[in-house]
Amino acid sequence: MNDQNIINVIYSKLAGMRPTDQKIAQVLLEDPARAVDFTISQLARLATVSDASVTRFCKSLALTGFHQLKIELAKAANDQTNYYQQVNADNIQKALASISANKVAEVKNTLAPIATATIEQVLSWIKEARLIQIIAEGDTVPVAIDAAYKLNQLGFLAITADSWETSIAQTLNMSSHDLIIVISNSGEALRLLKQIKEAQKKHIRVLAITNRDDSPIALEANLHLQTAVRQKVFQSEYYFSRIAAATVIEAIFLLLIADDETRREHIKTHEALISDAKI
């Protein structure tokens, strides 16, 4: 196993795990610190699986075995940026505190692993692009709209559309001098994958922002930025967060400003033009 944090690894693979592995993962995520003291049989019993299933689960995470899993969990339990707590609606104040802590962990665990060379490549592609298209579906569309707004404020020509039919038409009018940024939590959106295929035919660079480095969209993209998720929505199995994806966009926005002070003038000009719409 590489230096990647085990909690991040489990989260990134969770959606694609077999049902048996998901049961084990859920027990570990509920309280990583407590799981450090489990025997293999205790973990198997709590997850209602066999001991052999736990061993296979460890292998699926590229671990040598259960002992290494416990070592990695101990490291994660001592790292406060890996906070995770299931949110329960029965106690509103406790739920708010859990949500707050989980969101802080999402932000930290999204930005911290990004390599300098990777973010430098992203910034270079944006600066070189004639046109930047941001594509998304469903709940991530607002992040795409925000990204287009921010990039245009800085002086970069950026487009997006909340209709996929319009979005794919935009892609057909693009060239190899352009860039597509695709935002998808699961990284499995079929229509976005179809759009990426069309972009590849035109030799358009594709930057993906998803929760999983092994997702179909991440694997098809030229470059991938992985976001971290730390929020289980109440008692359901539904995981979703715009915060992590929006954090990546915000970081890119701020780094582009820091890279060239003249981009502040673009923001000032834009703000001045729209100021009469404010009280």
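What you are looking at is a predicted structure, and each value in this text was computed from that prediction instead of being measured.

A. Geometry of unusual backbone geometry. Even without a glycine there, the phi angle at alanine 62 is positive, about 65°. Here alanine 62 shows up in the loop between helix H5 (51–60) and helix H6 (66–77). For histidine 203, which is not a glycine, the phi torsion comes out positive at approximately 60°. Given the relative accessible area of 62%, histidine 203 is considered exposed.

B. Representation of the environment of leucine 28 in the model. Within the fold, leucine 28 resides in helix H2 (residues 19–30). The class of leucine 28 is buried, set by a relative accessible area of 1%. Taking the C-alpha atoms as reference points, leucine 28 and leucine 46, separated by 18 residues in sequence, lie 9.9 Å from one another. Contact partners of leucine 28, with chain neighbours within four places excluded, come to Ile10, Ala35, Leu43, Phe57, Leu69 and Leu73.

C. The arrangement of the nonpolar core in detail. Judged by nonpolar contacts, the single largest core of 33 residues is most densely connected at Ile126, Ile132, Ile134, Ile183 and Ile252. For this core, the elements supplying multiple residues, two or more each, are helix H8 (116–128), strand S1 (132–136), helix H9 (141–153), strand S3 (179–184), strand S4 (205–210), strand S5 (223–226) and helix H13 (243–259). The dominant element in this core, judged by the number of residues it contributes, is H13, at seven residues. Residues in contact with isoleucine 126, not counting those within four places in the same chain, are Ile132, Leu151, Phe156, Leu179, Ile252 and Leu256. Of all hydrophobic cores here, the second largest spans 28 residues; its members include Leu14, Ala25, Phe57 and Leu69.

D. Spotlight on H9. For H9, spanning 13 residues, the distance from its first C-alpha to its last is 19 Å, which sits close to the expected 18 Å at 1.5 Å a residue. Residues of H9 that are buried make contact with H8, S1, strand S2 (158–159), S3, H13 and helix H14 (263–274). Following H9 by one or two positions, glycine 155 adopts a phi angle in the positive range, close to 105°.

E. Structural view of the packing of H8 against H13. Running from amino to carboxyl end, H8 crosses H13 at an angle of 75°, the nearest separation of the two axes being 11 Å. Considering the angle they form, H8 stands roughly perpendicular to H13. Of H13, the residues touching H8 (which contributes Ile119, Val122, Leu123, Ile126 and Lys127) are Ile252, Leu255, Leu256 and Asp259.

F. Here's a closer look at the pairing of S3. The buried fraction of S3 amounts to six of the six residues, a majority that puts the element mostly inside the structure. Of the two faces of S3, the one lined by Leu179, Ile181 and Ile183 and the one lined by Ile180, Val182 and Ser184 are each fully buried. Relative to S4, S3 runs parallel, the two sharing six bridges. Among the inter-strand pairings, serine 184 is bridged to a residue of S4, identified as threonine 210. In the classification by handedness, the crossover that spans S3, the intervening helix H11 (residues 190–201) and the parallel S4 is right-handed.

So, how was this worked out
Residues numbered from 1 in each chain as written. Predicted model: local features only at pLDDT ≥ 70, side-chain atom pairs only at ≥ 80, totals over all residues. Heavy atoms only, no water. Helix = DSSP H or I, 4+ residues; strand = E, 2+ residues; numbered from the N terminus. Buried < 20%, exposed > 50% of the residue type's maximum accessible area, 1.4 Å probe, protein only. Contact = heavy atoms within 4.5 Å. Core = buried A, V, L, I, M, F, W, Y, C linked by side-chain atoms within 4.5 Å. Expected span 1.5 Å × (residues − 1). Axes fitted to C-alpha atoms, helices over the stretch in contact; angles between N-to-C directions. Parallel < 35°, antiparallel > 145°, perpendicular 65-115°, else oblique. Pairing = 2+ DSSP bridges. Right-handed = clockwise from strand over helix to strand, strands pointing away.

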